[in-house]
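# Survey of secondary and tertiary structure
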Amino acid sequence: MSEKVKAHELRSKSKADLLKQLEDLKKELSQLQVAKVTGGNVSKLSKISTVRKSIARVLTVISQTQRENLKVLYKNKKYKPLDLRPKKTRAIRRRLTKHEATKITLRQKKRLTHFPMRKYAIKA
């Protein structure tokens, strides 16, 4: 029925086409599994793995395109879904931002203005 599906060909298709192809592949897989149980010929049994891989490719392309669209949607938003945020490490994620780290309290500002760093002239 169908041969190996190529990912670059799937990327040009619309989501509706991909879902239809996915449905067809799943039907074909179920038919092949029935043939396996009933003792079908070897060519059908070897086809099961290629169909399963094709299903995986279609699902991967669907999820990737969906993710790309979400990235575009949340491009300049303040809050993003957790899976679109950079992973990094837990410690880095918990760390203060550059803005937060450089902030100075009112008391510190007053102290710096009233008592600036002393400058000394050093004799050579």
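Check the entry above for the structure.
This structure is a prediction, so every number in the text was calculated from the model and none was measured.

## Digging into the nonpolar core
By size, the foremost hydrophobic cluster in this structure holds 13 residues, and its most contacted members are L10, L18, L25, L29, V51, I55 and V58. Looking at this core, the elements with two or more residues in it are α2 (15-38) and α3 (42-73). When residues of this core are assigned to their parent elements, the largest contribution, 6 residues, is made by α3. What L10 contacts, discounting residues up to four positions off in sequence, is V5, L18, Q21, R57, V58 and V61.

## Looking at the side chain of Q21
Here Q21 lies in helix α2. Leave out the neighbours within four places in its chain, and Q21 touches V5, L10 and K13.

## Describing the pattern of salt bridges
Scanning all chains against the criterion turns up 4 salt bridges. Of the charged contacts in the structure, one is a salt bridge between E28 and K47, with a shortest N-O distance of 3.7 Å. Here K47 lies in helix α3 and E28 lies in helix α2, a separation of 19 residues in the sequence. Between R67 and D83 there is a salt bridge whose closest N-O contact spans 3.7 Å. Note that R67 is positioned in helix α3 and D83 in the loop between α3 and α4 (90-94), a separation of 16 residues in sequence.

## Looking at the environment of K110
Relative to the helices and strands, K110 resides in helix α6 (residues 106-114). When the C-alpha positions of K110 and E3 are compared, they lie 75 Å apart, and in sequence the two are 107 residues distant.

What counts, and at which threshold
- Within each chain, residue numbers correspond to sequence positions counted from 1 in written order.
- With pLDDT at 70 or above as the cut-off, local features in this predicted model cover only qualifying residues; side-chain atom pairs require 80 or more to be listed or tallied, and sums for whole chains, interfaces and linings still use all residues.
- For the side-chain quantities, the full set of heavy atoms in the structure was used; hydrogens and water were omitted.
- Nonpolar cores were defined as sets of buried Ala, Val, Leu, Ile, Met, Phe, Trp, Tyr and Cys residues, with membership established by side-chain atoms within 4.5 Å.
- Burial here depends on accessible area, computed with a 1.4 Å probe over protein chains only, as a share of the maximum for the residue type. Under 20% is buried, over 50% is exposed, and the range in between is partly exposed.
- Helix and strand assignments follow DSSP, with helices taken as H or I runs no shorter than four residues and strands as E runs no shorter than two, numbered in order from the N terminus.
- Contact definition: two residues touch when any of their heavy atoms are within 4.5 Å.
- Between Lys or Arg on one side and Asp or Glu on the other, a salt bridge is scored when a side-chain nitrogen of the former is within 4 Å of a carboxyl oxygen of the latter.

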